[in-house]
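Remarks on the overall topology
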Amino acid sequence: MAADELNVTPAALSFQIKSLEQHLGVPVFKRLNRAVELTEEGALLRPGVSEGFAALQSSWRGVQRRLNSATLTVTAGPGFTAKWLAPRLFKFAQANPEIELRFSASLQVMDFARDDIDLAIRFGQGDDTDLFSKHVIDEWAAPMASPGLAQKMKSLEDLRHLPLLHDDHVSFLDPTPDWARFFDLAGLAPIEQHGPKFSQSDHAIDVALSGAGVVLGRISMTEAHLREGSLVMPFNTGLKLRGSYRLVCPHGHETRPQMATFIDWVSKETACIQEFTEKMRFVGD
């Protein structure tokens, strides 16, 4: 019942409806035998009233999130969440036990007000106009393989004789950072785009980890694997991507204690990628 949803008694709800009708000077409901339905005037009011309540609820949720210093809800792509965020989560939790992190792994660009999201980690060439945005990673990719497969590569030419894995997740970037572009910028003869294609970067990386092929691995997704040695870059030759990672939230929210703590932590954790970047030679530069 409507009274139950509003947490009032039926008598109180009836009184509020009568007060509204008296204020408007017209009835908004038709009282039938065992039901009610909107009058024409009530039907005209309905969209605006619904929008007003939705805006009020959104604003109220925003106030509640701002007052909540214990919970932080972060959204990021599934691949980045699996390969970068999740393996490091315990470090953040150990250092900040008072903050409860919640993750929403999605490729959808979420609305901060509607989707109850505090902060987004976004990748691409997007426009963050009217939002706080902090750059954290300049993305690049390089040929990567398992240690066993890497032993078969003495020069870049050897790539054409090995199974190549294709990461289609970054095909939206312009220009597309694929094997064809890498071969072209590296001065190698063109190749056919043969080999399995993956819609998610982390899936292509997992196959490379198994030793089944060479991936044009993105540093944001592979840094931990490179450090532990489960993936190898035989040539330290890479391709810069025209896309970056940013921490994004509504202006002013970046100063909230738990938000500032998380932003600072991500900034420090991503800084170690620079160690790999400094050793790279980027084709096309």
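Scroll up for the structure.
What counts as what
Within each chain, residues carry numbers counting from 1 in the order of the written sequence. This being a predicted model, a pLDDT of at least 70 is required before a residue's local features are given, and a value of 80 or more before pairs of side-chain atoms are given or counted; all residues contribute to the totals for chains, interfaces and linings. Hydrogen atoms and water are omitted, and side-chain values are computed over all heavy atoms in the structure. The helix and strand labels rest on DSSP assignments: H or I over at least four residues marks a helix, E over at least two residues marks a strand, and numbering proceeds from the N terminus. One fewer than the residue count of a helix, multiplied by 1.5 Å, yields its expected span. To sort residues, take the accessible area from a 1.4 Å probe on protein chains only and compare it with the maximum for the residue type: under 20% means buried, over 50% means exposed, and anything in between is partly exposed. A carboxyl oxygen of Asp or Glu within 4 Å of a side-chain nitrogen of Lys or Arg is what we treat as a salt bridge. At least two bridges found by DSSP between two strands are what make those strands a pair. The pairing test for Phe, Tyr and Trp rings, Trp by its six-membered ring, is centres within 6.5 Å, and the orientation test on the planes gives stacked under 30 degrees, edge-to-face over 60, and tilted for anything in between. Side-chain atoms alone can form a polar contact between residues adjacent in sequence; in general such a contact is a pair of N or O atoms within 3.5 Å, and within protein one must be able to donate a hydrogen while the other accepts it. We call two residues in contact when some of their heavy atoms are within 4.5 Å. Here, nonpolar core means buried Ala, Val, Leu, Ile, Met, Phe, Trp, Tyr and Cys residues that are tied together by side-chain atoms lying within 4.5 Å of each other.

The next point concerns helix α9 (residues 257-270). Compared with an ideal rise of 1.5 Å per residue, which puts 14 residues at 20 Å, α9 spans 20 Å between its outermost C-alpha atoms and is within 8% of the ideal. The set of residues buried in α9 consists of Gln258, Met259, Phe262, Ile263, Trp265, Val266, Ser267, Glu269 and Thr270.

If you walk through the whole model with that rule in mind, you get 13 salt bridges. Put simply, Arg102 and Glu100 hold a salt bridge, and the shortest N to O gap is 3.0 Å. For Arg102, a relative accessible area of 42% gives the class partly exposed. The partner of Asp128 in a salt bridge is Arg246, with the nearest N and O atoms 2.9 Å apart.

Sheet analysis places strand β3 (residues 71-76) next to strand β4 (residues 100-105), joined by six bridges and oriented parallel. In the sheet register, Leu72 faces β4, and the bridge partner there is Leu101.

Of note, Ser171 is situated in the loop between β7 (164-167) and α6 (179-185). Here the alpha-carbon distance between Ser171 and Ser199, two residues 28 residues apart in the chain, equals 9.2 Å.

A word on the packing of aromatic side chains. Inspection of every chain in the model, using the stated rule, returns twelve aromatic pairs. Relative to Phe262, the ring of Phe92 has its centre 5.5 Å away and its plane inclined at 80°; by these criteria the two rings are edge-to-face. Remark: Phe262 occurs in helix α9 and Phe92 occurs in helix α4 (residues 78-95); sequence separation between them is 170 residues. Note on Phe123 and Phe172: the rings are 6.3 Å apart at their centroids and 85° apart in plane angle, and the pair reads as edge-to-face. Remark: Phe172 occurs in the loop between β7 and α6 and Phe123 occurs in strand β5 (residues 119-124); sequence separation between them is 49 residues. On the basis of relative accessibility, which here comes to 18%, the residue Phe123 falls in the buried class. Look at Phe172 and you get partly exposed, because its relative accessible area is 46%. An aromatic cluster is defined as three or more aromatic residues linked by ring pairs; in this entry it consists of Phe80, Trp84, Phe92, Phe123, Phe172, Tyr245, Phe262 and Trp265.

Moving on to the side chain of Arg218. If you trace the backbone, Arg218 turns up in strand β9 (residues 214-218). Polar contacts involving the side chain of Arg218 include one to the side chain of Ser201, which spans 2.8 Å. For Arg218, the side chain forms a polar contact with the side chain of Tyr245, separated by 2.7 Å. Excluding its chain neighbours within four sequence positions, the residues that come into contact with Arg218 are Phe123, Glu139, Trp140, Ala141, Asp167, His169, Val170, Ser201, Leu241 and Tyr245.

If you trace the backbone, Thr176 turns up in the loop between β7 and α6. With 66 residues separating them in the primary sequence, Thr176 and Arg242 have C-alpha atoms 8.8 Å apart. Sequence-distant contacts of Thr176, that is, excluding residues within four places in its chain, are made with Val170, Ser171 and Arg181. At 3.3 Å, the side chain of Thr176 and the backbone oxygen of Ser171 are in polar contact.

Grouped together as the largest cluster of nonpolar side chains are 63 residues, with contacts concentrated most on Phe80, Ile121, Leu159, Trp179, Phe182, Val214 and Phe262. Here this core gets seven residues from one element, more than from any other, and that element is strand β6 (residues 131-144). Met110, Ile117, Ala120 and Val248 belong to the second-largest nonpolar core, a separate cluster that totals five residues.

Geometry only, nothing functional implied.
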